[in-house]
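# Per-entry structural report
What follows is each chain in one-letter form.
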Amino acid sequence: MIPELGHFALALACAIALFQTVVPIWGAQRGAARAMALAPALATAQLIAVAAGFGALIWSFVVNDTTVSAVVANSHSAKPLLYKISGAWGNHEGSMVLWVLILALCGGAVAGFGRNLPSALQARVIGVLGAIAVGFHAFILLTSNPFDRVWPPAADGQGLNPVLQDPGLAFHPPLLYLGYVGYAVTFAFAIAALLEGRVDAAWGRWVRPWSLAAWSFLTLGIALGSWWAYYELGWGGFWFWDPVENASLLPWLAGAALLHSAIVVEKREALKTWTVLLAILAFAMSLLGTFLVRSGVLNSVHAFANDPARGLFILVLLMIYVGGAFALFGWRAGRLAPIGIFAPVSREGALVLNNLLLCSILAVVLVGTLYPMFADILMGARISVGPPFFNSATAPLALPLVAAMAVGPMLPWKRAGLFGALQRLWWAMAAALAVALIALLLAGSPVWPAIGFGAATWVIAGAAADILDRSGAFRTTARNAFNRARNLPRGAWGAAIAHAGLGVTIAGMAGMGLATDTLVALRPGERARLAGYEWRLESVRDVAGPNWSARRATVTVRDAGATVTVLEPERRSFPVARMTTTEAAIHTNIFRDLYAVLGEERDGAAVLRLHHNPLAPWIWLGALVMAAGGALSLSDRRARVAAPAPKGATQTV
């Protein structure tokens, strides 16, 4: 009975979404106040219906209802409760219900927090979100029904993919989808602006919090997925330019560009057309990622489904939403005349450079990800595009982007002098150069890691210089500077913290350029040496878990005779899924990771892969700092309170 109620709730949500699409947009075009006033109520009703459907799905997984095909395929009675719950979205069908739930949450948020929006703009935004929801509800109901029944009921489920039975993967999809689907809101604002023919400073202020929230959640989602792959898959690395990894990076790059260009719209009423285009592009990249993960066109451990029919459905949705948006953009963009005029060397000019470089990196990643697929389809050629291409193609674009990050905030709006900004950054340049030279000459680092350390220092010092300059440090007394810094807007602190977080991540990546590893076969009592440490295999024994059995190795790591840590990597076997996974053992002291993976045993010897990864934790620490900076900016009241509506904002054009 509960699955049927869940199915009915999703069908009802689809019907409500259809009304949410038609009534508010019609009311906005006709100036019908009553029709526009229905928009928040319809968005709330859809949210309640989708939440009921999602709750029914969670319940089916928790009670292990083996009459539901999704439960049979992705759950088991012996699974821990956390993985029964996360199993509800750890599969294709359930993950799409999570997608529409977050989309409905976005609509509810616009209804609840958008009370200061002009009624016509709010109605159009909610209407566009309803149109997006209609397509995805139809996709679920027609091709991916999570409540399909099986009869007779199975004795038990087949279990969730063992590599997904991990806390990191339990929370990774919700965070990632909050980022992906969050860009549906900025997309809806862009379409509403095109329909209304108006983009002004108020529109920029309304869009920026949504783009900032989506970017922050996407940052956390990508970082959590990268961290999971690092410790769960036993690769010992943080990013492998996997096609599905790239699919999440594409909207992150577009979203970062959108976030910065929206600032120009808000402050200077310039870059209007470009910002609207970026809002469309960010959501297009989110939909493209959804297509790549679920169509079966790319092979990856991260892929959810391998069903061309479902992929075709999503491709049609992609063409309708994105193709329609670009057509509307081509028709209406001419009405979005810019007002602000600025010189190339100015704060606006720096943000334009930021956008161009981010979009260039996006283009490189997009081409490198899709080219093998098109080469296979059009030419029948099997081509692999891997890290060497991406690293060599993106580095020349990333370096000037990093260089501009510290300079841009030091430039005034409209017109500036580059020399004056560089004068205030002389100590940051000196620190970056000193760190790079120390790494290159004294520490003996290769060239690229040394450049990375210098770039990280430059970004972090540049963020500090921005706060010091705003507070008047070295131009007034320390007490006055402290008081001014304390009273700076949270948005200024948030931007500086986010930039510094990126610097921390760059330092972690540079440190991974110095990582060393070795593959050894040891018997109990035998030793290996790596990075100055002695690694001794003490024993290999059998252990049992709640729904798995494992072989567990005990490895003692010593430095100069003193025990540093004891690592216990495992090789787990899941009898229900008939799969074997590796569980890496990692010891960190923030400045480096000691990392061990247990492989197969041969002739009484255990095969071990040992890694020494300098500064690896900084990669994910930096991502947390970036997201914290975004959250701090969102807490700024100026980001949460809409600008006054311009006269005539409710009128149609």
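Residues numbered from 1 in each chain as written. Predicted model: local features only at pLDDT ≥ 70, side-chain atom pairs only at ≥ 80, totals over all residues. Heavy atoms only, no water.

Averaged over all residues, the pLDDT of the chain equals 89, while 95% of them reach at least 70. Confidence over residues 641-653 falls short of pLDDT 50; this stretch has 30 contacts with residues more than four positions distant or in other chains. (pLDDT = per-residue confidence, 0-100. Contact = heavy atoms within 4.5 Å.)

It is worth spelling out the sheet that holds strand β9 (residues 592-602) at this point. Taken in spatial order, the 4 strands line up as β1-β10-β9-β8 in an open sheet, and their pairing is antiparallel. A strand with exactly one partner marks an edge of an open sheet, and here the two such strands are β1 (516-522) and β8 (585-588). For this sheet, the mean inter-axis angle between neighbouring strands, taken without regard to orientation, is 15°. Inspection of the sheet shows β9 paired to strand β10 (residues 605-614) by 9 bridges, in the antiparallel sense. Looking at the pairing, Tyr595 lines up with His611 of β10. The strands touched by helix α8 (residues 201-232) within the sheet are β8, β9 and β10, with β9 carrying the most contacts at an inclination of about 45°. (Pairing = 2+ DSSP bridges. Helix = DSSP H or I, 4+ residues; strand = E, 2+ residues; numbered from the N terminus. Axes fitted to C-alpha atoms, helices over the stretch in contact; angles between N-to-C directions.)

Evaluation of the coordinates by the stated rule reveals 14 aromatic pairs. Relative to Tyr180, the ring of Trp99 has its centre 6.3 Å away and its plane inclined at 55°; by these criteria the two rings are tilted. One end of the pair, Trp99, is in helix α5 (residues 92-113); the other, Tyr180, is in helix α7 (residues 167-196), and 81 residues separate them in sequence. The exposure class of Trp99 is buried, given its relative accessible area of 2%. Seen in terms of ring centroids, Phe187 and Phe283 are 4.8 Å apart; in terms of plane orientation they differ by 40°. Their pairing is tilted. On the criterion of sequence distance, the pair formed by Phe187 in helix α7 and Phe283 in helix α10 (residues 272-295) is long-range, its members being 96 residues apart. An aromatic cluster is present here, built from Trp99, Phe136, Tyr177 and Tyr180 joined pairwise through their rings. Cation over ring: Arg347 sits above Trp413, and NZ or CZ is 5.1 Å from the ring centre. (Phe/Tyr/Trp six-rings, centres within 6.5 Å; stacked < 30°, edge-to-face > 60°. Buried < 20%, exposed > 50% of the residue type's maximum accessible area, 1.4 Å probe, protein only. Lys NZ or Arg CZ within 6 Å of the ring centre and 35° of its normal.)

Between α5 and helix α6 (residues 119-143), whose axes approach to 10 Å, the crossing angle comes to 170°. Comparing their axes, α6 and α5 come out roughly antiparallel. Residues His92, Met96, Val97, Trp99, Val100, Leu103, Cys106, Gly107, Val110 and Ala111 of α5 form the contact with α6, whose own contacting residues are Gln122, Val125, Ile126, Leu129, Ile132, Ala133, Phe136, His137, Phe139 and Ile140. (Parallel < 35°, antiparallel > 145°, perpendicular 65-115°, else oblique.)

Another point: the pattern of salt bridges. The full count for this structure, using the stated rule, is 21 salt bridges. For Arg424, the salt bridge goes to Asp469, with nearest N and O atoms at 3.0 Å. Of this pair, Arg424 sits in helix α14 (residues 418-424) while Asp469 sits in helix α16 (residues 447-471), placing them 45 residues apart in sequence. A relative accessible area of 18% places Asp469 in the buried class. Two residues, Glu534 and Arg527, come together in a salt bridge whose shortest N-O distance is 3.3 Å. Several salt bridges share partner residues, and in doing so they unite Arg552, Glu570, Arg572 and Glu583 into one network. (Salt bridge = Lys/Arg side-chain N within 4 Å of Asp/Glu carboxyl O.)

All right, on to α8 then. A rise of 1.5 Å per residue sets the reference length of α8, with its 32 residues, at 46 Å; its end C-alpha atoms lie 46 Å apart and thus fit the reference within 8%. At the N-terminal boundary of α8, the capping side chain belongs to Asp200, with an oxygen 3.2 Å from the backbone nitrogen of Ala202. The positive-phi residue at the C-terminal boundary of α8 is Gly234, with phi of around 75°. (Expected span 1.5 Å × (residues − 1). Polar contact = N/O pair within 3.5 Å; in protein donor to acceptor, adjacent residues only side chain to side chain.)

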